[in-house]
Amino acid sequence: MFIRPCYFVFTPHHRYLIHQLRVLYTSKEEKSVFEYCDPPAGTYEGMCQLRNNVSFHFFTTQPPCGDAAIFPMVNSSLCVTNPLKRKISEESVEFMATKKSRHDDDASDTFSVDVHRTGGKCVVGGAQDSHESGTAYHIMGALRRKPGRGDPTLSMSCSDKMMRWNVLGIQGALLSHFIAYPIYFHSVIVCGPLFNRESMERSLYGRLHDNDIMFPDDFKSHGYCIHHPELWHVGKLSKACDEALEQVTEGPNKRLSPTAIIWCSKPLTYEIMVQGLRQGANARLNATKKSSVSICKGKIFQEVKDLIDDIPQHSIPKTLRCIHTNVYTC
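These numbers were taken from a predicted model, which means no experiment stands behind them.

This paragraph deals with the pattern of salt bridges. Opposite charge on two side chains allows them to pair when their charged atoms are near. Taken as a whole and assessed by the stated rule, the structure comprises nine salt bridges. Residues Arg51 and Glu35 are paired through a salt bridge, measuring 3.4 Å at the closest nitrogen-oxygen approach. Of this pair, Arg51 sits in the loop between strand E3 (48–50) and strand E4 (56–60) while Glu35 is found in strand E2 (residues 34–36), placing the two residues 16 residues apart along the sequence. The exposure class assigned to Glu35 is partly exposed, which follows from its relative accessible area of 23%. Close ionic contact of Glu271 with Arg278 constitutes a salt bridge, the shortest N to O distance being 2.9 Å. Accessibility expressed as a relative area gives 30% for Arg278, which makes it partly exposed.

Following this line, the structure appears as structure tokens:
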């Protein structure tokens, strides 16, 4: 299964996983990507695991925001080409030119004068950006909030969320009551001109090794690890897609649309979201069930409740048998 993120970050896969759990626990007509644990007794009683021939792949058209988006801008022969259109002084170019590193004969005149920058601010209490000129502007490996031009957000950057997935899995806490072992992305595929393997490796799992994190003793026995997904880069989109993206992003007064299309094949879902709400909802009023999109946390929680209610009592995972879902509201 391929998962492509929307602007507000990666939740459609939960609907797919819930649907597949429903197929396993309540349907005999369709084959699920899950299977019951063998042996089912003990801790894993009533739980399931991903089939051996099933894997998940993450596809995106740009590097995740945050730490993965920070990497050197490469320039050749003192010709400064800046994709983000930042002006670099002649003094900076001259200074960096004297310090350029020579890696091989084919790239002897290649050097870095700046780094691609992210709008995500470092979290309070951690190391902070120096904001110095050139390559020292950002600190590498820091935890960051999701970038935005409005009020400061409490959401972590995409790089930090994906780093968490490479330890805890993509299934989340609720679905861990059903799924015995974590589900990791087999690969991460970045399609587009901006890509740096070193920054991707650092942001997605490398900084976890650097910090000597101490995991619980039973961490590995439950299938958890610091996962290293395969990293792939596809340099170009189709010509038509490249031209369309250039038209909407170039120019001083142009910016990306706040509208997103949500589509999922199973269960079949298609809706349009505008600034976090279903299209047509009044943004001035508080969000309601009618204005919320199907992949918001409240709707996902409701789907899990409905799943628990629909599973026969003898088939419910052991950790959920004493749960009364009617005491929870969303």
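Here the narrative resumes, following the displayed structure.
All right, on to the sheet that holds strand E10 (residues 269–274) then. Sheet architecture is open: three strands sit in the order E9-E10-E11, paired in antiparallel fashion. Looking at which strands have only one partner, the edges of the open sheet turn out to be strand E9 (259–264) and strand E11 (277–278). Bridging between E10 and E11 involves two bridges; their strand directions are antiparallel. Its bridge partner lying in E11, Val274 is registered against Leu277.

Here we come to the packing of helix H3 (residues 158–168) against helix H5 (residues 197–210). Interhelical geometry of H3 versus H5 gives an angle of 60° and a closest axis separation of 8 Å. In terms of axis orientation, H3 runs oblique to H5. Between H3 and H5 the crossing geometry is right-handed. Residues Ser159, Asp160, Met162, Met163, Asn166 and Val167 of H3 lie in contact with H5, whose contacting residues are Ser203, Leu204, Arg207 and Leu208.

Its location among the elements puts Pro267 in the loop between E9 and E10. Exposure remark for Pro267: the relative accessible area of 22% places this residue in the partly exposed category. When residues no more than four places from it in sequence are discounted, the contact partners of Pro267 are Arg15 and His19.

Of the residues in the chain, 74% reach a pLDDT of 70 or more, and the chain-wide mean stands at 77. Taken together, the stretch residues 1–8 has pLDDT below 50 and engages in 25 contacts with residues farther than four places along the chain or on a different chain. Segment residues 76–110: pLDDT under 50, and 38 contacts once partners within four positions in sequence are set aside and those in other chains are kept.

Before going further, it helps to examine helix H7 (residues 297–310). The first and last C-alpha atoms of H7 sit 20 Å apart over 14 residues, in line with the 20 Å expected at 1.5 Å per residue. Residues of H7 that are buried: Ile300, Glu303, Val304, Lys305, Leu307 and Ile308.

Mapped onto the elements of the fold, Cys191 is located in strand E7 (residues 185–191). Overall, the relative accessible area of 6% leaves Cys191 in the buried class. Separated by 129 residues in the primary sequence, Cys191 and Gln62 have C-alpha atoms spaced 6.5 Å apart.

Take the state of the cysteines next. Here, the word disulfide means a covalent bond between the sulfur atoms of two cysteines. Here the structure, examined in full by the defined rule, presents zero disulfides. With no disulfide of its own, Cys37 lies 6.5 Å from the sulfur of Cys48, the closest cysteine sulfur. Overall, Cys37 belongs to the buried group, its relative accessible area being 6%.

Turning next to the nonpolar core. Of all hydrophobic cores here, the largest spans 40 residues; its most connected members are Leu21, Phe34 and Phe178. For this core, the secondary-structure elements that each account for two or more residues are helix H1 (12–26), E3, E4, H3, E7, H5 and H7. If one sorts the elements of this core by residue count, H1 sits on top with six residues. Contacts of Leu21, omitting those with residues within four sequence positions, involve Phe34, Cys48, Leu175, Phe178, Ile179 and Leu307.

Analysis parameters
- Each residue is numbered by its place in its chain's sequence as written, counting from 1.
- Totals for whole chains, interfaces and linings use every residue, but because this is a predicted model, local features are given only for residues with pLDDT of at least 70 and side-chain atom pairs only at 80 or more, for both listing and counting.
- As a rule here, side-chain values come from all non-hydrogen atoms in the structure, and water together with hydrogens is ignored.
- Think of a salt bridge as a Lys or Arg side-chain nitrogen and an Asp or Glu carboxyl oxygen that are within 4 Å of each other.
- In this description a helix means any DSSP run of H or I spanning at least four residues, a strand means any run of E spanning at least two, and both kinds are numbered starting from the N terminus.
- Summary of the burial criterion: residues with accessible area below 20% of their type's maximum are buried, those above 50% are exposed, and those between are partly exposed, where the area comes from a 1.4 Å probe applied to protein chains only.
- Note on pairing: DSSP must find at least two bridges between two strands before they are called paired.
- Every axis corresponds to a line fitted to the C-alpha atoms, with the helix fit spanning only the stretch in contact, and the corresponding angles, defined between N-to-C directions, vary from 0 to 180 degrees.
- Roughly parallel here means an angle under 35 degrees, roughly antiparallel means over 145, roughly perpendicular means 65 to 115, and every remaining angle is called oblique.
- For a crossing to be left-handed, the near helix must be turned anticlockwise from the far one by less than a right angle; the clockwise case is right-handed.
- Residues count as neighbours in contact if any of their non-hydrogen atoms are within 4.5 Å of one another.
- Scored from 0 to 100, pLDDT records how confident the predictor is in each individual residue.
- Each residue after the first adds 1.5 Å to the expected span of a helix.
- A pair of sulfur atoms, both from cysteines and within 2.5 Å, is called a disulfide here.
- Among the buried residues, those of types Ala, Val, Leu, Ile, Met, Phe, Trp, Tyr and Cys that are joined through side-chain atoms within 4.5 Å form a nonpolar core.

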